Amino acid sequence: MIFFTDHSDEDRGDIFIGSKEGVLIASKVSEVLELLLRPLKDIVNGAHMIFYVCGSTVRDENSFKEIKEAMQE
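Residues numbered from 1 in each chain as written. Predicted model: local features only at pLDDT ≥ 70, side-chain atom pairs only at ≥ 80, totals over all residues. Heavy atoms only, no water.

Draft legend 1. Structural detail: the packing of helix 1 (residues 29-37) against helix 4 (residues 61-72). Interhelical geometry of helix 1 versus helix 4 gives an angle of 25° and a closest axis separation of 8 Å. Taken together, the axes of helix 1 and helix 4 are roughly parallel relative to one another. Between helix 1 and helix 4 lies a crossing of right-handed hand. Contacts between helix 1 and helix 4 involve Val 29, Ser 30, Leu 33 and Leu 37 on the former and, on the latter, Ser 63, Glu 66, Ile 67, Ala 70 and Met 71. Considering only residue class, the contact of helix 1 with helix 4 consists of six nonpolar, two polar and one charged. (Axes fitted to C-alpha atoms, helices over the stretch in contact; angles between N-to-C directions. Helix = DSSP H or I, 4+ residues; strand = E, 2+ residues; numbered from the N terminus. Parallel < 35°, antiparallel > 145°, perpendicular 65-115°, else oblique. Left-handed = near helix turned anticlockwise from the far one by under 90°. Contact = heavy atoms within 4.5 Å. Nonpolar A, V, L, I, M, F, W, Y, C, P; charged D, E, K, R; others polar.)

Written out as structure tokens, the structure reads:
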């Protein structure tokens, strides 16, 4: 079981990855999950993932679609 927790951009549903000079930076859900999960793909294959992210990630149609697609890979 894998737990993922983060904040997201309320307008776009993108996931925050850090800040630069005090400005928060967010990336597309697919990019973040690719970077986090690809190196672990053999370990996490078939694992249950629980996302604790802001509702905008699910409300935004594209972000939610990217989550579902990442879980099917």
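From this point, the narrative continues.
Draft legend 2. Highlighting helix 1. Among the residues of helix 1, those classed as buried are Val 29, Val 32, Leu 33 and Leu 37. Within helix 1, the buried residues cover an arc of 105° as seen down the axis, which keeps them to one side. (Buried < 20%, exposed > 50% of the residue type's maximum accessible area, 1.4 Å probe, protein only. Arc of directions from axis to C-beta.)

Draft legend 3. A look at helix 4. End to end, helix 4 covers 17 Å across 12 residues, agreeing with the expected 16 Å (1.5 Å per residue, within 8%). Taken as a whole, helix 4 has its buried residues at Ser 63, Glu 66 and Ile 67. One side of helix 4 carries all its buried residues, which in axial view fall inside an arc of 100°. With respect to the buried face of helix 4, the exposed residues turned more than 90 degrees away are Glu 61, Asn 62 and Gln 72. Against helix 1, strand 4 (49-52) and helix 3 (56-59) lie the buried residues of helix 4. Of the residues flanking the start of helix 4, the one acting as N-cap is Asp 60, its side-chain oxygen 3.2 Å from the backbone nitrogen of Asn 62. (Expected span 1.5 Å × (residues − 1). Polar contact = N/O pair within 3.5 Å; in protein donor to acceptor, adjacent residues only side chain to side chain.)

Draft legend 4. Local environment of the pairing of strand 3 (residues 23-27). Alignment of strand 2 (residues 15-20) against strand 3, held across five bridges, turns out to be antiparallel. Each bridged residue has a counterpart across the sheet, and for Lys 20 the counterpart in strand 3 is Val 23. Hairpin connection of strand 2 to strand 3: two residues between the antiparallel strands, including Glu 21 at a positive phi of 55°. (Pairing = 2+ DSSP bridges.)

Draft legend 5. Structural detail: the pattern of salt bridges. One pass over the structure, following the stated rule, counts five salt bridges. We note a salt bridge from Arg 12 to Asp 9, for which the minimum N-O separation is 3.8 Å. Under the relative-accessibility criterion, Arg 12 is labelled partly exposed at 43%. Residue class for Asp 9 comes out buried when judged on its relative accessible area of 15%. Asp 14 is the partner of Arg 12 in a salt bridge, and the nearest nitrogen-oxygen pair spans 2.8 Å. Among the charged side chains, a salt-bridge network with shared partners connects Asp 9, Arg 12 and Asp 14. (Salt bridge = Lys/Arg side-chain N within 4 Å of Asp/Glu carboxyl O.)

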